[in-house]
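For reference, the chains in residue letters:
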Amino acid sequence: MARRYHVTTFGCQMNEHDSERMRGMLESLGYSEAAERSEADLILFNTCSIRESADQRFIAHLGEAKRLKAERPDRVVGVGGCWAQSVKDEVFERFPFVDVAFGPGQVGRLAEFLTQDSLSAQGYFEFEDVTGHLPMKRGREFQAWVQISQGCNCRCSYCIVPSTRGREISRGALELVDEVRSLAADGVREITLLGQNVNSYGRDLPREARTSFAELLRSLDGVRGIERIRYTSPHPKDMRSDVIAAHAECASVCEHIHLPLQSGSTRILKAMRRTYGRERYLDRVAQIRELLPDCALTTDVIVGFPGETEEDFAQTLTVVDEVGYDGAFTFVFSPRRGTEAATLGDQVPHAVKKERMARLVELVQARAKERAQRFVGRNVEVLVEGSSRHDASRLRGRSRHNKMVNFEGTAAAGEIIEVEVESASSMTLVGQERLLSRVG
Ligand code: SF4
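Rules of the game
Residues numbered from 1 in each chain as written. Predicted model: local features only at pLDDT ≥ 70, side-chain atom pairs only at ≥ 80, totals over all residues. Heavy atoms only, no water. Core = buried A, V, L, I, M, F, W, Y, C linked by side-chain atoms within 4.5 Å. Buried < 20%, exposed > 50% of the residue type's maximum accessible area, 1.4 Å probe, protein only. Contact = heavy atoms within 4.5 Å. Near = heavy atom within 4 Å. Nonpolar A, V, L, I, M, F, W, Y, C, P; charged D, E, K, R; others polar. Phe/Tyr/Trp six-rings, centres within 6.5 Å; stacked < 30°, edge-to-face > 60°. Helix = DSSP H or I, 4+ residues; strand = E, 2+ residues; numbered from the N terminus. Pairing = 2+ DSSP bridges. Axes fitted to C-alpha atoms, helices over the stretch in contact; angles between N-to-C directions. Parallel < 35°, antiparallel > 145°, perpendicular 65-115°, else oblique. Left-handed = near helix turned anticlockwise from the far one by under 90°. Salt bridge = Lys/Arg side-chain N within 4 Å of Asp/Glu carboxyl O. 1 Å grid on protein atoms, 1.4 Å probe; cavity = no way out; pocket = protein on both sides within 12 Å on 5 of 7 lines; lining within 4 Å. Points joined across faces, edges and corners; volume = space filled by probe spheres on them. Domains from an automatic or database assignment.

Novice: Requested: an account of the nonpolar core, with residues and values cited.
Specialist: One recurring pattern in soluble globular proteins: nonpolar side chains tend to sit buried together. One finds Ile-191 and Leu-193 to be the most contacted residues of the largest nonpolar core, which totals 64 residues. Residues within four places of Ile-191 in sequence aside, it is in contact with Ala-144, Val-146, Val-180, Leu-183, Leu-220, Ile-226, Arg-228, Ile-229 and Arg-230. In terms of nonpolar packing, the next biggest core, distinct from the first, is built from 22 residues, Ala-34, Phe-58, Val-87 and Val-98 among them.

Have a look at this one:
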């Protein structure tokens, strides 16, 4: 009987993607997927290390793997991803029941490990390759992750990613167009381009193959069958006019831009090593709003970075109010071992962070709700994903502005339809399917 594997994924979309590659590779080796960890011969974790709390959550899961291994010593336990890379020198000493550990750039080496005669403890941590070259087992039928680059050359002082994913490695544009063509042939209608810093794509490619992010968007816009192109995560310093123009001119590039702010205070942005100040950020927003007035803008904000004063925080609130985001991911700063920011003095007391977070969330939601009212009474195009998570009598899907839409209708998953919006909250639009509105 085929050996069975089980993968648990923590963290970001890039990890979701890497786990799909891990599954594809294992199935190409003849493994099959087990529904439960306790049924597996090979127990794998694809880990995250963005915050210390993520580590704690993962280690609780690792405890169960230890128990299962004790029950059946022939089981293989493997740990991959950013946490594994961040503890590469101590993983086997701290967790002797782990058989194989590998960084994000070494998923492919898992196959080598599994096909060798004796499975003695082995670690693979070089930043050699991108997972995008491995076979893939997708978790979603009509949507797909497409890794365009791996790693990050930035040095944001609070971020562990450059040390766990290495420097930027871009995949060739021709290879990406081929991959997207085969995804379209497989019925995929929406792709999300992935990179730690997607809009610096292509700078590391050899001169003769150099392709900018905007050029890549235009190339992929031409792939028949792909109706929607999304991407994450861009850096404001690289959000240039050619990318904004590609949004305006390429039919499949969606009307949504995620533009992480992190802080509205230029002084704090400097301490974060974000390489842009408040004014430059607002310039980018103004350029986007001028060319794409209806484009949805979302962001990331960190509250309570070391040294953040009430005045700094007030500047963050002012930018959030001025921009009027369609949504935001908000984080309370927590020092991450191995980052510069964790060594900074003047840490903000937890109670102050919490109080500021509450004010920020209130403002973000109020502005997002106001912004969402522009969809009421309009027909929005929706890629149907299935039944609503909260009301089985309704369906759900996403608009091109990346808004979740719950609606009454009869459409099937994978169809692109029009929904007439009747009401809008900060997160969700509600409406009715417009009959005879199937799009393509
Ligand atoms: S751009 Fe900054 S925050 Fe984003 S992955 Fe790179 S170092 Fe981390």
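Novice: Which residues make up the site of the ligand, and what values do they have?
Specialist: Inspection of the region around the ligand gives Cys-152, Cys-154, Cys-156, Tyr-158, Cys-159, Val-161, Pro-162, Gln-196, His-235 and Arg-274 as its neighbouring residues. Residue composition of the shell around the ligand, by class: 7 nonpolar, 2 polar and 1 charged.

Novice: Can you explain the packing of aromatic side chains? Please cite residues and give values.
Specialist: A ring pair, where both rings are aromatic, is described by two values, the distance of the centres and the angle of the planes. Per the counting criterion, the structure on display carries 9 aromatic pairs. Ring centres 6.5 Å apart and planes at 80 degrees place the aromatic pair Tyr-158 and Phe-305 in the edge-to-face group. With Tyr-158 in the loop between strand E8 (149-150) and helix H6 (161-165) and Phe-305 in the loop between strand E13 (296-303) and helix H12 (310-323), the pair connects residues that are 147 residues apart, well separated along the chain. When its relative accessible area of 0% is taken as the criterion, Phe-305 is described as buried. Measuring from ring centre to ring centre gives 5.0 Å for Phe-213 and Tyr-231, while their planes differ by 80 degrees; the resulting arrangement is edge-to-face. Linking Phe-213 in helix H8 (residues 213-221) with Tyr-231 in strand E11 (residues 228-232), this pair joins segments that are 18 residues apart in sequence. Residues Phe-213 and Tyr-231 agree in their burial class; the two are buried. Grouping aromatic residues by their ring pairs yields a cluster made of Phe-10, Phe-45, Phe-58, Trp-83, Phe-95 and Phe-97.

Novice: Tell me about the pairing of strand E17 (residues 404-408), and name the residues and values.
Specialist: Burial analysis of E17 places 4 of its 5 residues in the buried class, the great majority of the element. Of the strand pairs in this sheet, strand E16 (residues 395-399) and E17 are connected by 4 bridges, and their pairing is antiparallel. Opposite Arg-396, over in E17, you have Asn-406 as the bridge partner. The hairpin formed by E16 and E17 contains 4 residues between the paired strands, and Asn-402 there has a positive phi angle of roughly 65 degrees. In terms of strand pairing, E17 meets strand E19 (residues 428-433) through 5 bridges, oriented parallel. Within the sheet, the bridge partner assigned to Phe-407 lies in E19 and is Gly-431.

Novice: Outline unusual backbone geometry, listing residues and values.
Specialist: If a residue is not glycine, its phi is most likely negative; likewise, a peptide bond is most likely trans. The omega torsion across Thr-232 and Ser-233 is 0 degrees, close enough to zero to call that bond cis. By secondary structure assignment, the location of Ser-233 is in the loop between E11 and helix H9 (241-249). A positive phi is found at Thr-275, a non-glycine position, where the angle reads about 65 degrees. Mapped onto the fold, Thr-275 is located in the loop between helix H10 (266-271) and helix H11 (278-291).

Novice: If you had to explain the environment of Val-188 to someone new, which residues and values would you point to?
Specialist: Here Val-188 lies in the loop between helix H7 (173-185) and strand E10 (190-194). A C-alpha to C-alpha distance of 28 Å links Val-188 and Cys-152, two positions 36 residues apart in sequence. What Val-188 contacts, discounting residues up to four positions off in sequence, is Arg-138, Glu-141, Phe-142, Gln-143, Ala-144, Leu-183, Gly-225 and Ile-226.

Novice: Describe the sheet that holds strand E4 (residues 76-81), with residues and values.
Specialist: The strand order across the open sheet built from 6 strands is E2-E1-E3-E4-E5-E6, with neighbouring strands paired in parallel fashion. Either end of the sheet is taken by a strand with one partner, and the two such strands are strand E2 (32-33) and strand E6 (122-124). Relative to E6, strand E5 (residues 100-102) runs parallel, the two being bridged by 3 bridges. Opposite Ala-101, over in E6, you have Gly-123 as the bridge partner. In the packing of helix H1 (residues 13-28) onto the sheet, the strands contacted are strand E1 (4-9), E2, strand E3 (42-47) and E5, and the crossing angle to E1 comes to about 175 degrees.

Novice: Lay out the packing of H7 against H8 with the relevant residues and their values.
Specialist: Interhelical geometry of H7 versus H8 gives an angle of 30 degrees and a closest axis separation of 10 Å. Our classification of the angle between H7 and H8 gives roughly parallel. Like other packed secondary-structure pairs, H7 and H8 cross with a definite hand, here right-handed. Of the residues in H8, those touching H7 at Ala-173, Leu-176, Val-177 and Val-180 are Leu-216, Ser-219 and Leu-220.

Novice: Requested: an account of the pattern of salt bridges, with residues and values cited.
Specialist: Tallied over the entire structure, the rule returns 47 salt bridges. Across the pair Glu-179 and Arg-21 runs a salt bridge, and its minimum N-O distance is 3.0 Å. With Glu-179 in helix H7 and Arg-21 in helix H1, the pair connects residues that are 158 residues apart, well separated along the chain. Pair check on accessibility: Glu-179 and Arg-21 agree, each one buried. Within the structure, one salt-bridge network assembled from shared partners comprises Arg-37, Glu-64, Arg-67, Glu-71 and Arg-75.

Novice: Let's hear about the layout of surface pockets: which residues, and what values?
Specialist: Size it by volume and the second largest pocket reaches roughly 240 Å³. As for the second largest pocket, its lining consists of 17 residues, of which Asp-55, Ser-86, Val-87, Arg-336 and Arg-337 are closest to the centre. Within the residue set of the lining of the second largest pocket, elements represented by two or more residues are helix H2 (52-71), helix H3 (82-86) and H6. Across the lining of the second largest pocket, the residue classes break down as 5 nonpolar, 6 polar and 6 charged. Here the lining of the second largest pocket gathers at least three residues from each of two domains, domain 1 (4-124) and domain 2 (138-254).

Remember, this is a structural readout, not a statement about activity or role.
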